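Reading the structure
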2 protein chains.
Amino acid sequence: MATGRPRTFDNTEALKSALQVFWQKGYEGTSLSDLTEAMKINRSSLYATFGSKEQLFNQALDLYFEGPPKLTSAAFNESTARAVAERFLHVTADSVTNPSTPRGCLTIRGAIACGEDAESVRQELVSRRVESEMALRHRFEQAKSPGDLPAGSDPAALARYIMTIAEGMSIRAADGSTREELQDVIDIAMQAWPT
Amino acid sequence: MATGRPRTFDNTEALKSALQVFWQKGYEGTSLSDLTEAMKINRSSLYATFGSKEQLFNQALDLYFEGPPKLTSAAFNESTARAVAERFLHVTADSVTNPSTPRGCLTIRGAIACGEDAESVRQELVSRRVESEMALRHRFEQAKSPGDLPAGSDPAALARYIMTIAEGMSIRAADGSTREELQDVIDIAMQAWPT
DNA sequence: ATAGTTTTGAACCGAACGTTTCAAAACAAA
DNA sequence: TTTGTTTTGAAACGTTCGGTTCAAAACTAT
């Protein structure tokens, strides 16, 4: 049973607001004033609840990975390697142009934006992205045996290719590209797929 | 004829040093102390010579565009649209993995890293990148008449595609990808080219 | 030498940064 | 009502930020 003065904000709602701000401005581009304003809590409550700016960012990051990145995993249910790749790109294009969230990918913006003092944050973000590439690669390797992919094709290179397109789309979305423009890119990109 | 106390630094050498720092840390990630240390000049000289941090950045940007981006323009001398695209990507891959410069592209890193107070800087960087895309598009449009590109192909979409690959490679390079890995990506990417 | 001009170095500016402190406020339990 | 506990709001901490000021320094011209 809770005692003492009750808090005036919802914990996860505040975290969602923090995520939006970090997503939009990057880690170092976000100030404490930005956060307290968006989360509608004061500094004392922020530090009592979330620890510090960096700890808050890490918690917001965990929340983020339950969102857009999680959606791409649905692509792995497709039956062919080609369908997996195409679906992966489509989900990515939808995510990075979602009008109800900031544009682009938090991990890319965050990893590039942060200075050397936040190097540990950067490494975390990069390795998370490498995991996605490895998942794609693994799926493509499995596709070779049933002849789903030609014998000569290189699963690792294909996974790199798809991730490069996805990351490029994230940049373009942040620059203002529309979902339709990214769809055009995907249409062309998939023509490179081995048959 | 120059009079007064002679300056102790070389103007363009100092600008080169500033470029390196901006390239590595982004606009907002670079402090005045970072700059004066790298350029080996003090604040007074910096402001007397270059005006302000933002004006210094713009001058460093001009210098940058005489470097890596200029090299990509050599691609436009190729005789076919396909060769232009492939050369453009190869030059980009070489640039973003050049061991004697920071990894990745200054315009991408700078545009993503900066907050809203540096919005004018961001716009400048984005528009510079749009210019590259427009140059590619224009070259591809010219390629349609001699049958260099199939009648059904979309020069604008192809230019977007090539730029997306280039921007994706820049991110990967910043994350640590090698030149060879990027070459593999280009090999696959060019298979999408219309015949 | 002397005067005139430009650069240098260091101190300083107000503002904003992330973080901490603490008394007043708002509740439950006694 | 009193006591105990927790949150709140605001003020303040030291540091760093981009930018400025100014006297001393280092040169050329007279």
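The structure we're discussing is the one just above.
Quick caveat, the model's predicted, so the values are computed rather than measured.

**Considerations on the relation of the copies chain B and chain A**
Expressed as a screw transformation, the operator carrying chain B onto chain A has a rotation angle of 180 degrees and an axial translation of 0.0 Å, and the superposed copies differ by an RMSD of 0.4 Å. Both copies of the chain, as the preceding transformation shows, are related through a two-fold rotation axis. The overlap is high: 100% of the interface residues of chain B also sit at the interface in chain A, so the same surface is used on both sides.

**What to know about unusual backbone geometry**
Even without being glycine, A:Lys40 reaches a positive phi, approximately 55 degrees. Inspection of the secondary structure assignment puts A:Lys40 in the loop between helix H2 (32-39) and helix H3 (43-50).

**Some words on the protein's contact with DNA strand D**
Contacts to DNA strand D come from 24 residues, most closely from A:Ser44, A:Ser45, B:Leu32, B:Arg43 and B:Tyr47. Counted by atom, the contact set of DNA strand D within 4 Å of the protein is 64% sugar and phosphate. Residue A:Arg7 places a side-chain N or O atom 3.0 Å away from a phosphate oxygen belonging to DNA strand D. Here a phosphate oxygen of DNA strand D and a side-chain polar atom of B:Ser31 are 3.5 Å apart. Going through the elements one at a time, H3 of chain A together with helix H2 (32-39) and helix H3 (43-50) of chain B are the ones with two or more residues in the surface near DNA strand D. A total of three residues in the surface near DNA strand D trace back to one element, the largest contributor, which is H3(B). Considering only residue class, the surface near DNA strand D consists of seven nonpolar, 12 polar and five charged.

**Here's the deal with the environment of B:Lys53**
Residues and elements named next belong to chain B. Summarising the element assignment, Lys 53 is placed in helix H4 (residues 53-65). With relative accessibility at 16%, the residue Lys 53 sits in the buried group. Separated by 51 residues in sequence, Lys 53 and Gly 104 place their C-alpha atoms 22 Å apart. Discounting chain neighbours no more than four positions away, the residues touching Lys 53 are Phe 22, Tyr 27, Glu 28, Thr 30, Leu 32, Leu 35 and Tyr 47. Reaching out from Lys 53, the side chain makes a polar contact with the backbone oxygen of Tyr 27 at a distance of 3.0 Å. Of note is the side chain of Lys 53, whose polar atom sits 2.7 Å from the backbone oxygen of Thr 30.

**Let's talk about the protein's contact with DNA strand C**
Close contacts around DNA strand C come from 25 residues, with A:Leu32, A:Tyr47, B:Thr8, B:Ser44 and B:Ser45 the closest. For DNA strand C, the fraction of protein-proximal atoms (within 4 Å) that sit in sugar or phosphate groups is 67%. For DNA strand C, a base oxygen lies 3.1 Å from a polar atom in the side chain of A:Ser44. B:Ser45 places a side-chain nitrogen or oxygen 2.4 Å from a phosphate oxygen of DNA strand C. Looking at the surface near DNA strand C, the elements that each hand over two or more residues are H2 and H3 of chain A together with H3 of chain B. Its residues placed into classes, the surface near DNA strand C shows seven nonpolar, 13 polar and five charged.

**Some words on the packing of helix H9 (residues 155-175) of chain A against helix H10 (residues 179-189) of chain B**
At a minimum axis separation of 9 Å, H9(A) and H10(B) run at an interaxial angle of 80 degrees. One element, H9(A), and the other, H10(B), form an angle in the roughly perpendicular class. The residues of H10(B) that touch H9(A), namely those facing A:Ala157, A:Leu158, A:Arg160, A:Tyr161 and A:Thr164, are B:Glu181, B:Asp184, B:Val185, B:Ile188 and B:Ala189. Among the residues forming the contact of H9(A) with H10(B), the class breakdown is six nonpolar, one polar and three charged.

**Brief notes about the side chain of A:Thr164**
Looking at where A:Thr164 falls in the secondary structure, it is placed in helix H9. When residues no more than four places from it in sequence are discounted, the contact partners of A:Thr164 are B:Thr164, B:Ile165, B:Gly168, B:Met169, B:Arg172 and B:Val185.

**Let's talk about empty space enclosed by the protein**
Counted according to the given criterion, the structure contains one cavity of 30 Å³ or more. The wall of the largest cavity is formed by A:Gly104, A:Cys105, A:Ile108, A:Arg109, A:Ser170, A:Ile171, A:Ala174 and B:Ile112. If you list the elements that add at least two residues to the lining of the largest cavity, you get helix H7 (106-113) and H9 of chain A. Residue contributions to the lining of the largest cavity peak at three residues, all from H9(A). Among the residues forming the lining of the largest cavity, the class breakdown is five nonpolar, two polar and one charged.

Conventions adopted
Numbers given for residues are sequential positions, taken from 1 along each chain in its written order. All chains are assigned letters beginning at A, and all ligands numbers beginning at 1, according to the order in which they are written. In keeping with the model being predicted, local features are shown solely for residues with a pLDDT of at least 70 and side-chain atom pairs are shown and tallied solely at 80 or more, while totals for entire chains, interfaces and linings include all residues. Heavy atoms throughout the structure, all of them, feed into the side-chain values; hydrogens and water do not. What sets the superposition is a least-squares fit of C-alpha atoms, and only residues with pLDDT of at least 70 in both copies go into it. Contact between two residues is taken to exist if any of their heavy atoms lie within 4.5 Å; hydrogens are not considered. Each helix is a run of H or I in the DSSP string that is no shorter than four residues. Each strand is a run of E no shorter than two, and both are numbered from the N terminus. The cutoff for a nearby residue is simple: one of its non-hydrogen atoms must lie within 4 Å of the molecule or strand. Any pair of nitrogen or oxygen atoms within 3.5 Å is treated as a polar contact; in protein, a donor-acceptor pairing is required on top of that, and neighbouring residues in sequence qualify only through side-chain atoms on both sides. In this count, Pro and Cys sit with the nonpolar residues alongside Ala, Val, Leu, Ile, Met, Phe, Trp and Tyr, while Asp, Glu, Lys and Arg are called charged and the others, Gly among them, polar. Remark: exposure states derive from per-residue accessible area (1.4 Å probe, protein chains only) relative to the maximum for the residue type, with buried under 20%, exposed over 50%, and partly exposed in between. Axis angles are defined between N-to-C directions and span 0 to 180 degrees, where every axis is a line fitted to C-alpha atoms and, for a helix, only to the segment in contact. Any angle that falls under 35 degrees is termed roughly parallel, while one over 145 is termed roughly antiparallel, one within 65 to 115 roughly perpendicular, and all others oblique. Using only the protein atoms, space was sampled on a 1 Å grid; points where a 1.4 Å probe fits but cannot get out form cavities, open sets with protein on both sides within 12 Å along at least five of seven lines form pockets, and lining residues are those with an atom within 4 Å of a point. Grid points are joined across faces, edges and corners, and a volume is the space filled by probe spheres set on the points.

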